[in-house]
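Observations on the model geometry
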2 protein chains.
Amino acid sequence: MDLNERRQKILAAIIEQYVKTGEPVGSKSLLEALQLSLSSATIRNEMAELVEMGYLEQPHTSAGRVPSHKGYRYYIDNLMGENELNDVQRRRIEQSIPKNMHEPERLLEQANEVLANITNCTAVSTTPACEGVLIRKIEMIPIGSRTAMLVILTSTGILKSEVCRAGGELTPAVCEAFYNIISRTLIGRRIDDVSSAMLQTIAATVSDEFLTILPLLAGVADIAAAASQADVLLEGQSNLFNHRELEENALELIEFLKKSERLSRLLASGKAKFDIKIGEENEYRQLKNSSLIVAKYNIKGKESGTIGLIGPTRLNYAQLIPSIKYLTDLVGRIITQGLEE
Amino acid sequence: MDLNERRQKILAAIIEQYVKTGEPVGSKSLLEALQLSLSSATIRNEMAELVEMGYLEQPHTSAGRVPSHKGYRYYIDNLMGENELNDVQRRRIEQSIPKNMHEPERLLEQANEVLANITNCTAVSTTPACEGVLIRKIEMIPIGSRTAMLVILTSTGILKSEVCRAGGELTPAVCEAFYNIISRTLIGRRIDDVSSAMLQTIAATVSDEFLTILPLLAGVADIAAAASQADVLLEGQSNLFNHRELEENALELIEFLKKSERLSRLLASGKAKFDIKIGEENEYRQLKNSSLIVAKYNIKGKESGTIGLIGPTRLNYAQLIPSIKYLTDLVGRIITQGLEE
DNA sequence: AGTTAGCACTCATAAGGTAAGAGTGCTAAC
DNA sequence: GTTAGCACTCTTACCTTATGAGTGCTAACT
């Protein structure tokens, strides 16, 4: 399974050249890239061996070689040096992300935009959602005689709101009753506990004169559910059309990305803080020709959400991976800092 | 400039067949569609005349005819009967749009989704923004010792919020001072009047002990600006790739749609309640192969925003136009109704 | 004058053939 | 283990040809 040094060099050179040009790499053009004093025939023998072992593929007999997903995998795990970000790249990321952004969702939108731009791929991220998120605040802002805007704020900084219609007039007494119930039963609780069963119980305790607030409680349940769930944010879907190797699949891929529940599960599925799935390593058919890179960001030291990238398998991993890692760390730091203020 | 009855019939038949098949229409296949007892030669003579007059185009000498933008224009203005929506279509629209939606933005997102789905084009809409919008409410919800969420609500039902950091602790006294200033100077005013100049004036009246609220006032200016401006909502961009005639332009077109200021101006530019721009009638080069259909929706009887459609020029106008009109009216009614409660 | 049959003509498209070029695999010699 | 040499494969581009759809024009017809 392991490769001797020469084969490693050849594999790395093929991948790097292929990533650059997009064309199958032939033995002659490899000679120039490699420092070894060998003939093309020897390279050919080695390349044939690498095909045999599954690290390379041959589009057709008389074509050069193209890395297989196994080849990319070996390269990423063993051969690739992760380039440090240079100042320009680092500054580009930092300048695009406002430091004083207090809303995780907007911050992630920004992060997605940067990532989609610098990679020319589709960026995808999920808003913070982890075990044990608490309800920090619930507010009701009357905006009409019977309608109110409900706002929920979680311990991870997630804000959700919804306009909701009460069963009757929102008199000061009704508002007070609402706040009493909320602060007694919900504030400080875990957001996952706000089940409809729990709300039934709460509703049962509401005295007859304040039954008008029941729709508001239902509204609270809605926004609590919305806040406890990770939202999926996408950016740069149309970038996928810029990659020749994806062109046939691009539409199907974009269709796939629209189903956010599935995507959300996919992003959360990896155990590691950083994960790459190359081509056929992906469980979904629609991603068979794509790479998926997922990194998790920490809030208060706890893995809370993900930032990911979807593109063709032909990616400059050595460049992209450090960028994603840096961006992910940065986002985590900014959100954490925003919460501590 | 006007066409005799026979030419009108021929033009209409060509357009309808072309819209259906996407293939240039030849004289023979037209014979079957037309009820006239004529020979193909006569049809050919007439078609040649219609080309001469600019209503049709010929991809190459030995091909059938394709409608020009002038042809579509004549068809829409004079020949096309607007199909009434049948029950299925009407129900499809109604069921996709929740009646009790209190937030215009979410309602429009829904509307866009329906429209993009039923037309297989890109839907675009703008949130309500018209002259004389008033500030109905401003709220500050403290979410940390020094940070607060600011919320603004306009007379058209637009809600905007932003998290903002104050210059110091948000003590009850500070909050009270903030509300005093706001209700004295902003509530009930026209939202366009909240200029930075006005805020300067207001800021000058703040007593020294409450200078900490100045950043909050800046935040209010931000959300006021955001609320006074029409947002552009897009849906179904990738649908453009499904139209063969757009394939070359699709990426460029999507890029064009990303610039929301320009798009917003474009949508607002039409004077009429309903407007169609076909192909070259569009002022932007990027829309040269596309049709843009824009309808305005009324809130409280006043034109307040737009719902539009972008697709190829080859559209089933007779079907689409009634759908858009119906959808637009429905959206206007629901928003208006939501405000009256 | 309007209509039509007939026919030569144009052009896109598909299919087949050929040549060039890149790259390979294999063999035999080093 | 390495390499020069060479036959072989396969893609690509280009040309030719045939087919067919559709036209424009002319001359005859009503």
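Residues numbered from 1 in each chain as written. Chains lettered and ligands numbered in written order. Predicted model: local features only at pLDDT ≥ 70, side-chain atom pairs only at ≥ 80, totals over all residues. Heavy atoms only, no water.

Here chain A is partitioned into domain 1 (5-79), domain 2 (92-129 + 231-340) and domain 3 (135-228). Put simply, the middle of domain 1 of chain A and the middle of domain 3 of chain A, counted by C-alpha atoms, are 62 Å apart. (Domains from an automatic or database assignment.)

To continue, consider the interface of chain B and chain A. Of the residues lining the interface, 26 residues belong to chain B; the matching set on chain A comes to 26 residues. When the two sides are added together, the surface that chain B and chain A hide from each other amounts to roughly 2500 Å², 61% of it contributed by carbon and sulfur. At the boundary of chain B with chain A, the tally comes to zero salt bridges. Run the count over chain B and chain A and you get eight residue pairs in polar contact (both at pLDDT 80 or more). (Contact = heavy atoms within 4.5 Å. Buried area = accessible area lost by both parts, 1.4 Å probe. Salt bridge = Lys/Arg side-chain N within 4 Å of Asp/Glu carboxyl O. Polar contact = N/O pair within 3.5 Å; in protein donor to acceptor, adjacent residues only side chain to side chain.)

This part covers the relation of the copies chain B and chain A. Least-squares fitting of chain B to chain A yields an RMSD of 0.0 Å, with the transformation described by 0.0 Å of translation along the axis and a rotation of 180°. Given the turn and translation reported, the copies of this chain are related as if by a two-fold rotation axis. In terms of proximity to the rotation axis, the leading residue of chain B is B:Ser238, whose C-alpha is 3.7 Å off the axis. Here 100% of the interface residues in chain B have copies in chain A that are interface residues too; the copies meet face to matching face. (Least-squares fit on C-alpha atoms with pLDDT ≥ 70 in both.)

Taken together, 20 residues sit near DNA strand D, with A:Arg6, A:Thr42, A:Thr61, A:Ser62 and B:Ser27 positioned nearest. Put simply, 75% of the atoms of DNA strand D that lie within 4 Å of the protein are in sugar or phosphate. A:Thr42 is positioned such that a nitrogen or oxygen atom in its side chain is 2.6 Å from a phosphate oxygen of DNA strand D. Within the side chain of A:Ser62, an N or O atom sits 3.0 Å from a base oxygen of DNA strand D. For the surface near DNA strand D, the elements supplying multiple residues, two or more each, are α3 (40-53) of chain A together with α3 (40-53) of chain B. A per-class count over the surface near DNA strand D returns three nonpolar, 13 polar and four charged. (Near = heavy atom within 4 Å. Helix = DSSP H or I, 4+ residues; strand = E, 2+ residues; numbered from the N terminus. Nonpolar A, V, L, I, M, F, W, Y, C, P; charged D, E, K, R; others polar.)

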